[in-house]
Structure formats: structure tokens, C-alpha cells
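Structural overview for review
Now for the letters of each chain:
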Amino acid sequence: MPIKIAPSILTADFGRLAAEIATAEDAGADWIHLDVMDGHFVPNITIGPLVAAAVRTATRLPLDAHLMIADPDRYIQPFRDAGVDSITVHAETCVHLHRTLQSIRAAGARAGVALNPATPLDAVKEVVQDLDVLLIMSVNPGFGGQRFIERSLDKIRAAREMLNDFGSPTAELQVDGGVSNATIASVVRAGASVVVAGSAVFNQSGSVASNIDGLRQAAASTPQ
């Protein structure tokens, strides 16, 4: 299946956010990715449910909320009420991960778990059949525009094998961090089905349409 591209609004122009999102949708984006940060779990503060609700009015695409926050259980329902379709929490922040995933499902959203670069896949082994999304962080969370961690490719390959082996081949394997024209082919070959791209989509070097098209072309090429 073609790779899904989920532009992150983290590096978009927030002064014209609705227009930026509409441009990404018109350019063929598959999801819109919301990087939610609280200044506790990660060293940055970004958006909350109110902004997610505003984004919902600007697009028909699925909204994918990545909760990089210390107490995600408190915010599952507010983000779902804002119109988010997929909610991903960090294994590192959940005391009762299975219960959190069930809460996301009960709210009517797709349930995902994210793993930081230093967190092993074993952290989700017991809940892998409960996942709609497994997100592998290929940078340390908190900021956009970071360099892709090359060792992440081994983890992505292992994650794809785990999803297949545990009977979860339909779960999306998402990769977030440093995805660009230079790295996307290797990420796709390793088994990713969804890539998050922020600065590779919203930048001053090219239009959103040309950037998304460039990512799709690069994804289909042979990795360097």
C-alpha cells in the first residue's frame, strides 16, 4: 500500500493555520498530525483541545493526536470531543497502559502507543493486539527539525515483525522524527506505513504541494 503522509502542524505558520492545513489536504496529505506537548514530559509546550477543535473545522482529513504529555488519561475525552480520530499516548507516561488504550477505544478513537528512542519494543509487547497505531520515535520528542536517528531503522524493522507475528498486521506502523526526502525511503523499506513530516512539508524551501510530492517520490526510490 502507498505510504501515508501525515504533515505535522508543529512547523506550520500558526498565523494562517487553516490555510496551511487546507493546502496540505489539497496536496494529497493523508492525515493531519497534532503534536501535543505539555512542558513536563517534553521540554516544550504546544497545543491543546481548543486548537485541535479549530483544526477539525479546517479539514476533512483524519486528525492524529500525539500526546507527549505526563497525564494523558485526563485528556483523552477532551481531544476526542475536539474531533480527533486517533490518539497516541507514550508508554513511558502510562501507569496502566492497557486501561489507557481501552479508554481511547471507548471514546471512539483509534488507539496508539508511542515509544521514545531509548524505550524497547518490549514495553508494548503485552498490548500489541490492542493497538491501531504503533509510533516509533526516530528523534527524542519535544522539538521539530531534529536529525533522524539512524539506529531507529532496526527498531522499525523489529516493530514490523512484531506486529506481523502477534497478529496485528493491520495496525499502522508510524514513524515520527527527522523524516525527509533523504530518509523516507529507508523508513518505508523498514516497514513503516505512516510517516509524520513537519519541517519536510512546511518550510520556506518549497511549496507544501511540491514537498509532499517530493516525499512520495523519494519514498518510492531506492534508499541511499
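Residues numbered from 1 in each chain as written. Predicted model: local features only at pLDDT ≥ 70, side-chain atom pairs only at ≥ 80, totals over all residues. Heavy atoms only, no water.

Within the structure shown, the criterion is met by seven salt bridges. Among the salt bridges present, the one from R60 reaches E25, with a minimum N-O distance of 3.2 Å. On the criterion of sequence distance, the pair formed by R60 in the loop between helix 2 (49-58) and strand 3 (63-68) and E25 in helix 1 (residues 17-26) is long-range, its members being 35 residues apart. Looking at E25, the relative accessible area reads 17%, which means it is buried. With a closest N to O distance of 2.7 Å, R157 and D154 form a salt bridge. With R157 and D154 both in helix 5 (residues 152-165), this residue pair falls three residues apart, about one helical turn. When its relative accessible area of 51% is taken as the criterion, D154 is described as exposed. (Salt bridge = Lys/Arg side-chain N within 4 Å of Asp/Glu carboxyl O. Helix = DSSP H or I, 4+ residues; strand = E, 2+ residues; numbered from the N terminus. Buried < 20%, exposed > 50% of the residue type's maximum accessible area, 1.4 Å probe, protein only.)

Another point: the side chain of T100. When you line up the elements, T100 lands in helix 4 (residues 97-106). If sequence neighbours within four positions are ignored, T100 has contacts with D73, I76, V89 and C94. (Contact = heavy atoms within 4.5 Å.)

Looking now at the layout of surface pockets. Considered as a void within the structure, the largest pocket measures approximately 340 Å³ in volume. Along its surface, the largest pocket is lined by 28 residues, and G144, G145, G177, G178 and G198 are the ones closest to its centre. Secondary-structure elements contributing two or more residues to the lining of the largest pocket are strand 2 (32-37) and strand 8 (194-197). Residues belonging to the lining of the largest pocket are distributed by class as follows: twelve nonpolar, 13 polar and three charged. (1 Å grid on protein atoms, 1.4 Å probe; cavity = no way out; pocket = protein on both sides within 12 Å on 5 of 7 lines; lining within 4 Å. Points joined across faces, edges and corners; volume = space filled by probe spheres on them. Nonpolar A, V, L, I, M, F, W, Y, C, P; charged D, E, K, R; others polar.)

Taken in spatial order, the eight strands make up an open sheet running 1-8-7-6-5-4-3-2, and their pairing is parallel. Each edge of the open sheet is held by one strand with a lone partner, namely strand 1 (4-7) and strand 2. The sheet shows a mean angle of 25 degrees between the axes of neighbouring strands, taken without regard to direction. Where strand 7 (residues 172-176) lies against strand 8, three bridges are found, and the strand directions are parallel. If you follow D176 over to strand 8, its bridge partner there is V196. Across the sheet, helix 4 touches strand 4 (86-90) and strand 5 (110-115), and the angle it forms with strand 5 is around 145 degrees. Across the sheet, helix 5 lies against strand 5, strand 6 (133-137) and strand 7, angled at about 165 degrees from strand 6, the strand it touches most. (Pairing = 2+ DSSP bridges. Axes fitted to C-alpha atoms, helices over the stretch in contact; angles between N-to-C directions.)

Moving on, we get to the pairing of strand 3. When you tally the buried positions in strand 3, you get six out of six residues, the bulk of the element. Residues of strand 3 alternate between two faces, with L63, A65 and L67 on one and D64, H66 and M68 on the opposite face, all of them buried. One ladder, built from six bridges, connects strand 2 with strand 3; its direction is parallel. Bridge assignment links L34 to a residue of strand 3, and that residue is A65. Regarding the hand of the β-α-β motif, the stretch spanning strand 2, helix 2 and strand 3 is right-handed. Here strand 3 runs beside strand 4; their pairing, made up of four bridges, is parallel. (Right-handed = clockwise from strand over helix to strand, strands pointing away.)

In this section: helix 7 (residues 208-219). The terminal C-alpha atoms of helix 7, which comprises twelve residues, lie 16 Å apart, in line with the 16 Å expected from a rise of 1.5 Å per residue. Residues of helix 7 that are buried: V208, N211, I212, G214, L215, A218 and A219. All buried residues of helix 7 fall inside an arc of 160 degrees around its axis, so they share one side. Turning to helix 7, the residues buried within the fold contact strand 1, helix 1, helix 6 (184-190) and strand 8. (Expected span 1.5 Å × (residues − 1). Arc of directions from axis to C-beta.)

Here we take up the nonpolar core. Within the largest apolar cluster, 66 residues are counted, with the highest numbers of intra-cluster contacts made by I9, I32, I87, L97 and L134. Grouped together as the second largest cluster of nonpolar side chains are five residues, A6, V133, V194 and V196 included. (Core = buried A, V, L, I, M, F, W, Y, C linked by side-chain atoms within 4.5 Å.)

This brings us to the packing of helix 1 against helix 2. Between helix 1 and helix 2, whose axes approach to 9 Å, the crossing angle comes to 50 degrees. Taken as axis vectors, helix 1 and helix 2 run oblique relative to one another. Our pair here, helix 1 against helix 2, has a crossing hand that is right-handed. Each of L17, A18, I21 and E25 in helix 1 lies in contact with helix 2, whose residues at this interface are V51, V55 and A58. (Parallel < 35°, antiparallel > 145°, perpendicular 65-115°, else oblique. Left-handed = near helix turned anticlockwise from the far one by under 90°.)

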